[in-house]
Amino acid sequence: MLAVPREAFAPAGTDLTDVYAAHSAVVTKRGPDGSAMSSVSAAWLQARMLELARIGPGSRVLEIGCGGCNAAYLSEIVGADGVVVSVDIDADVVDRARAGLARTGHPVTVVLADGADGYAPHGPYDAILITVEASDIPPAWIDQLTDGGVLVAPVRMRAHTRCVALERDGDHLVATAALQCGFVPMQGDGSDPTRQLPLRGGDAVLTLDDPTTAVDGDALRAALDGSRVEGWSQVALTMDASFEALHLWLASQPRPYGILTVDRQRTAGLLDPQDRFCCPTLLTDDSFAYLAIRRLDETTWQCGAHGFGPDAATLIHDLNDLVTAWDRLHRAGIRPAITVHPAATPLPDTGRLQLLVQRRHTQVVVTWPGDSSR
């Protein structure tokens, strides 16, 4: 990674401290509403995805979502005997990537096309890296992968995105690794936006990623005019604990669900979710409860919930029960299995808790090990 000058792919004048910050992305294009449409991803995430792809000298690699910098890293790895193809649907992004790669001297084929179709002329590929958020796995990505190849993709599951390394196992794909991440959403044929429900304008927004979840937006907004209800579990976590597995566990429950995003300063005293960007939230038609934490001492936080609306107390009780079940069954580091199956494939009943995410081309299944009963 030190061989690639990251500043060649950042907007002119970007501070080098920001360009080389390990945990920060650099936005290179924004949409009319100010949202990021393209970026140079954080270096830590790029490095991890490169490792998951298991590529080396002579590998053939397809990248979907072209920022230029990651393609340069790929080119460094595969060398003169390898092939790197990078595809993007946005002409501005393609032009920027081509200019940056020309400056750094990396021989990458940059294609202006819809990434959902892959790029068959240079396939099949030993690895396909998706650098945009995908809710589905288009058939072309699977068809253009070699036997034994790896597909690394940020897959959205009930509004939670996990970057998964997928390998073929018969008629389906199996994730060998998964990590929490965030990417700009896919455009073109693979576009599948979530539903955004403002609760307090842009200061508090509920995101829904399940077409079967129906709520009354006016009733949920009105619920915030009532009193906040609180309830606390007996589960405590240290300050350095990761909430990644707990979030996915809560999303896996077969019930109405969303994630809450808030501006902490502008909603101070009203909303205080555990995660201001992506907080698990249980729903009824007119009520909601989100995951919350409070400090017990200098090193420990207690898990609980805040709720609003007529069903707040019930939702808080349910959420705390789920947190307690996670603590008992899965906190010790056991992670769920993630598999991807063709949309029409009948799935066996494992008797375990499964999150089933139905999309146009595939169904993503998250299966928790062992006894997942509450």
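This one's a predicted model, so the numbers in the text were calculated from it and none came from an experiment.

Criteria and thresholds
Residues numbered from 1 in each chain as written. Predicted model: local features only at pLDDT ≥ 70, side-chain atom pairs only at ≥ 80, totals over all residues. Heavy atoms only, no water. Helix = DSSP H or I, 4+ residues; strand = E, 2+ residues; numbered from the N terminus. Rg over C-alpha atoms; globule rule 2.2 N^0.38 Å. Buried < 20%, exposed > 50% of the residue type's maximum accessible area, 1.4 Å probe, protein only. Contact = heavy atoms within 4.5 Å. Areas by Shrake-Rupley, 256 points an atom, 1.4 Å probe, with all protein chains shown as cover. Lys, Arg positive; Asp, Glu negative; His and termini not counted. Charge placed at Lys NZ, Arg CZ, Asp CG, Glu CD. Pairing = 2+ DSSP bridges. Axes fitted to C-alpha atoms, helices over the stretch in contact; angles between N-to-C directions. Core = buried A, V, L, I, M, F, W, Y, C linked by side-chain atoms within 4.5 Å. Polar contact = N/O pair within 3.5 Å; in protein donor to acceptor, adjacent residues only side chain to side chain. Disulfide = S-S within 2.5 Å. Salt bridge = Lys/Arg side-chain N within 4 Å of Asp/Glu carboxyl O. Phe/Tyr/Trp six-rings, centres within 6.5 Å; stacked < 30°, edge-to-face > 60°.

Draft legend 1. Representation of the overall build of the protein chain. Helix and strand content of the protein chain: 8 helices and 19 strands. The C-alpha atoms of the protein chain give a radius of gyration of 22 Å, which matches the 21 Å a tight globule of 374 residues would have. Burial status across the protein chain gives 53% buried among its 374 residues. Within the protein chain, contacts between residues separated by at least 24 positions form 58% of all contacts whose residues are at least 6 apart in sequence. Carbon and sulfur atoms make up 51% of the accessible area of the protein chain, which amounts to about 16200 Å² in all. Charge centroids of the protein chain, computed over 30 positive and 46 negative side chains, lie 3 Å from each other.

Draft legend 2. How the structure looks around the pairing of strand β17 (residues 337-342). Pairing geometry for strand β9 (residues 172-180) and β17, over 2 bridges, is antiparallel. By the bridge assignment, Leu 173 is partnered in β17 with Val 340. As paired strands, β17 and strand β19 (residues 362-367) are joined by 6 bridges and run antiparallel to one another. Within the sheet, the bridge partner assigned to Pro 342 lies in β19 and is Thr 362.

Draft legend 3. Representation of the pairing of strand β15 (residues 288-295) within the structure. With 6 of 8 residues buried, β15 lies mostly within the body of the structure. The pairing of strand β14 (residues 279-283) with β15 spans 3 bridges and is antiparallel. Bridge pairing in β15 places Leu 283 opposite Phe 288. If you look at the hairpin formed by β14 and β15, you'll find 4 residues sitting between the two strands.

Draft legend 4. Unusual backbone geometry, seen in detail. Gly 123 connects to Pro 124 through a cis peptide bond whose omega is 0 degrees. Here Pro 124 shows up in the loop between β5 (109-112) and β6 (125-130). One non-glycine residue, Arg 54, adopts positive backbone phi at about 55 degrees. Secondary-structure assignment places Arg 54 in the loop between α2 (43-53) and β3 (60-64).

Draft legend 5. Just the sheet that holds strand β7 (residues 145-157), in detail. The 10 strands are arranged β5-β4-β3-β6-β7-β8-β9-β17-β19-β18 in an open sheet whose pairing can be described as mixed. At either margin of the open sheet sits one strand with a lone partner, and together these are β5 and β18 (354-358). Each adjacent strand pair in this sheet contributes to an overall mean axis angle of 20 degrees, direction not counted. The sheet contacts of helix α3 (residues 69-78) involve β3, β4 (83-88) and β6, and relative to β4 the element is tilted by about 165 degrees. The sheet contacts of helix α4 (residues 91-104) involve β4 and β5, and relative to β5 the element is tilted by about 165 degrees.

Draft legend 6. Representation of the nonpolar core in the model. In this structure, Ile 137, Leu 151, Leu 199 and Trp 249 are the most contacted members of the largest nonpolar core, which totals 78 residues. Sorting elements by how many residues they give to this core places helix α8 (residues 312-329) first, with 8 residues. The contact partners of Ile 137, leaving out residues within four places of it in the chain, are Ile 142, Leu 151, Ala 153, Val 155, Leu 166, Leu 173, Val 340, His 361 and Thr 362. Grouped together as the second largest cluster of nonpolar side chains are 37 residues, Leu 50, Ala 97, Val 110 and Ala 165 included.

Draft legend 7. Main features of the side chain of Ser 59. Here Ser 59 shows up in the loop between α2 and β3. Among the polar contacts listed, one links the side chain of Ser 59 to the backbone nitrogen of Gly 56, at a separation of 3.0 Å.

Draft legend 8. Quick peek at the side chain of Thr 131. Tracing the sequence through the fold places Thr 131 in the loop between β6 and α5 (139-143). A distance of 2.6 Å separates a polar atom in the side chain of Thr 131 from the backbone oxygen of Gly 65. Ignoring sequence-local partners within four residues, the contact set of Thr 131 consists of Met 49, Glu 63, Ile 64, Gly 65, Cys 66, Asn 70 and Phe 183.

Draft legend 9. Summary view of the state of the cysteines. Considering all chains together, one arrives at 0 disulfides under this definition. The closest cysteine sulfur to the non-disulfide-bonded Cys 181 is located on Cys 163, 4.9 Å from its own sulfur. With a relative accessible area of 14%, Cys 181 lands in the buried category. Here Cys 279 stays unpaired: no disulfide links it, and the sulfur of Cys 278, its closest cysteine neighbor, is 8.1 Å away.

Draft legend 10. Highlighting the pattern of salt bridges. Going through the model one piece at a time under the given rule, you end up with 20 salt bridges. Of the charged contacts in the structure, one is a salt bridge between Arg 228 and Glu 230, with a shortest N-O distance of 2.7 Å. Given a relative accessible area of 31%, Arg 228 falls into the partly exposed group. On the accessibility criterion, Glu 230 (41% relative accessible area) is partly exposed. When salt bridges with common partners are traced through the structure, they connect Glu 133, Arg 156, Asp 192, Asp 209 and Arg 359 into a single cluster.

Draft legend 11. Spotlight on the packing of aromatic side chains. What the rule picks out here adds up to 2 aromatic pairs. When the ring of Phe 288 is compared with that of Phe 308, the centres are 5.4 Å apart and the planes differ by 25 degrees; the resulting orientation is stacked. Highlighted residues: Phe 288 in strand β15 and Phe 308 in strand β16 (residues 300-308), separated in sequence by 20 residues. Across this residue pair, the class does not change: Phe 288 and Phe 308 are buried.

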